[in-house]
Amino acid sequence: MELSTIGWNQEARDKILLDSDRALQGAVREAVETLDGKSRDEVYEFLFQKLQPQFVDFKPGPDLSACADAVANGEVSLDD
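Summary of the structure given here. What you see is a predicted model, and the numbers here were worked out from it, not measured in a lab.

A pair of packed helices is characterised by two quantities: the angle between their axes and the separation of those axes. The N-to-C vectors of helix H2 (residues 40-51) and helix H3 (residues 62-72) enclose an angle of 130 degrees; their axes lie 8 Å apart at closest approach. In terms of axis orientation, H2 runs oblique to H3. Considering the relative orientation of H2 and H3, their crossing is right-handed. Packed against H2, whose contacting residues are Arg40, Val43, Tyr44, Leu47, Phe48 and Leu51, the element H3 presents Leu64, Ser65, Cys67, Ala68, Asp69, Val71 and Ala72 at the interface.

What follows is the structure in structure tokens.
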């Protein structure tokens, strides 16, 4: 077995992505419920602090910024 061929199967990849999405959704839900009226930077910092310990080598990108903007602007619907 070559090292370059070792990786997660598609089912595991899908589960990892689903778990990541749920972690982000949970953090955003909590931000909406607790940070009413806070600035975008405060929301971003909250989301970062919530998510960073859950992931190895966490590096936030534009998705986290978009979520912080949406929370700060009151644009997140908690309806499923």
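Continuing now.
Here helix H1 (residues 10-34) crosses H2 at 140 degrees, and the two axes come no closer than 10 Å. In terms of orientation, H1 and H2 fall into the oblique class. Pair H1 / H2 crosses with right-handed handedness. Contact residues: H1 offers Ala23, Leu24, Ala27, Val28, Glu30, Ala31 and Thr34, while H2 offers Val43, Phe46, Leu47, Lys50 and Leu51. Broken down by class, the residue content of the contact of H1 with H2 amounts to nine nonpolar, one polar and two charged.

What follows is about H2. End to end, H2 covers 16 Å across 12 residues, agreeing with the expected 16 Å (1.5 Å per residue, within 8%). Among all positions of H2, only Val43, Tyr44, Phe46, Leu47 and Leu51 are buried. In a view along the axis of H2, the buried residues occupy a sector of 160 degrees, so they form one face of it.

Aromatic ring pairs are described here by two measures, namely the spacing of the ring centres and the angle between the planes. Evaluation of the coordinates by the stated rule reveals two aromatic pairs. Relative to Phe58, the ring of Phe48 lies with its centre 5.5 Å away and its plane at 55 degrees, an arrangement referred to as tilted. Here the residue Phe48 occupies a position in helix H2, and Phe58 occupies one in the loop between H2 and H3, the gap between them amounting to 10 residues. You can call Phe48 partly exposed: its relative accessible area is 23%.

Thresholds, definitions, all that
- All residue numbers refer to position in the chain's written sequence, counted from 1.
- Confidence filtering applies because this is a predicted model: local features only for residues at pLDDT of at least 70, side-chain atom pairs given and counted only at 80 or more, and all residues used for totals across whole chains, interfaces and linings.
- Calculation of side-chain values draws on the structure's entire complement of heavy atoms; hydrogens and water are dropped beforehand.
- Note on geometry: axes are lines fitted to C-alpha atoms, helical ones only across the stretch in contact, with angles between N-to-C directions running from 0 to 180 degrees.
- Secondary structure elements follow DSSP: runs of H or I of four or more residues count as helices, runs of E of two or more count as strands, with numbering from the N terminus.
- Here is the rule for angles: anything less than 35 degrees is roughly parallel, anything more than 145 is roughly antiparallel, 65 through 115 is roughly perpendicular, and the remaining ranges are oblique.
- The handedness criterion is simple: a crossing whose near helix is rotated anticlockwise from the far helix by less than a right angle is left-handed, and one whose near helix is rotated clockwise is right-handed.
- Only heavy atoms matter for contacts: two residues are in contact if any of them lie within 4.5 Å across the pair.
- Classification used: nonpolar for Ala, Val, Leu, Ile, Met, Phe, Trp, Tyr, Cys and Pro, charged for Asp, Glu, Lys and Arg, polar for all others including Gly.
- Any helix carries an expected span of 1.5 Å times its number of residues minus one.
- Here the term buried applies to any residue with accessible area under 20% of the maximum for its type, exposed to any over 50%, and partly exposed to those in between, with areas from a 1.4 Å probe on protein chains only.
- Arc definition: it is the arc formed by the directions from the helix axis to the C-beta atoms.
- Only the six-membered ring of Trp is used, alongside the rings of Phe and Tyr, when aromatic pairs are assigned; centres must lie within 6.5 Å, and planes under 30 degrees apart are stacked while those over 60 apart are edge-to-face, with the rest tilted.

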